Amino acid sequence: MELNINGTPTPVDADPNMPLLWVLRDMLNMTGTKFGCGVAACGACTVRIDGEATRSCVMPVSAVVGKRIQTIESLGTADKPHALQAAWIAEQVPQCGYCQSGMLMAAAALLEAKPQPTDADIDAAMSNICRCGTYQRVRAAIHRAAGQTGVAA
């Protein structure tokens, strides 16, 4: 089967029921997407499918054929970071860092859907779990990336 990963047609020879996470990590060596819980609860494995934040640990690879898959590897570069990546650094969001790729992908989907999100929008969209508890910094970074300051709702 062929997948569209980060804008590139990518052939994969995988069991159709294999979770997308394992295709990315084990077959394509795209290790930015992390394994966390394996039951779609924590969000460490979040990628974007046709723009929507999606937990890849429970998504069968056959379900994403013909869809646009975006992983953390395509969000930005060291020379040109995505606005969210720059905001993450400015707001000192990462602690251990393990959940960050999933958080960033969920935040990117949020900003695409709502370029000027309220605190309530952020709280509703960011269902990822951060064991370090940097949720207030995540909120501040999303507002920073959106060009907002002091937003509440």
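These notes cover the structure that comes with them. (Residues numbered from 1 in each chain as written. Predicted model: local features only at pLDDT ≥ 70, side-chain atom pairs only at ≥ 80, totals over all residues. Heavy atoms only, no water.)

### Observations concerning the sheet that holds strand 2 (residues 8–11)
Moving on, step 1. Read from one edge of the open sheet, five strands run 2-1-5-3-4, paired in mixed fashion. For this open sheet the edge positions go to strand 2 and strand 4 (52–55), each flanked by a neighbour on one side alone. Adjacent strand axes in the sheet meet at a mean angle of 40 degrees when their direction is disregarded.
Moving on, step 2. Where strand 3 (residues 46–49) lies against strand 4, four bridges are found, and the strand directions are antiparallel. Its bridge partner being in strand 4, valine 47 is matched across the sheet by threonine 54.
Moving on, step 3. Most of the contacts of helix 3 (residues 100–113) go to strand 3, to which it runs at about 35 degrees, and overall it touches strand 3, strand 4 and strand 5 (68–70). (Pairing = 2+ DSSP bridges. Helix = DSSP H or I, 4+ residues; strand = E, 2+ residues; numbered from the N terminus. Axes fitted to C-alpha atoms, helices over the stretch in contact; angles between N-to-C directions. Contact = heavy atoms within 4.5 Å.)

### Comments concerning helix 1 (residues 20–27)
Moving on, step 1. By the burial criterion, the buried members of helix 1 are Leu20, Leu21, Val23 and Leu24.
Moving on, step 2. One or two residues past the end of helix 1 sits asparagine 29, with phi positive at roughly 55 degrees. (Buried < 20%, exposed > 50% of the residue type's maximum accessible area, 1.4 Å probe, protein only.)

### What about the pattern of salt bridges?
Moving on, step 1. Evaluated as defined, the whole model comprises six salt bridges.
Moving on, step 2. The shortest N-O distance in the salt bridge between aspartate 50 and arginine 68 comes to 3.8 Å. Here aspartate 50 is found in the loop between strand 3 and strand 4, whereas its partner arginine 68 is found in strand 5, with 18 residues between them in sequence.
Moving on, step 3. With a closest N to O distance of 2.8 Å, glutamate 91 and arginine 144 form a salt bridge. In this pair, glutamate 91 is assigned in the loop between helix 2 (83–90) and helix 3 and arginine 144 in helix 5 (residues 135–145), connecting sequence segments 53 residues apart. (Salt bridge = Lys/Arg side-chain N within 4 Å of Asp/Glu carboxyl O.)

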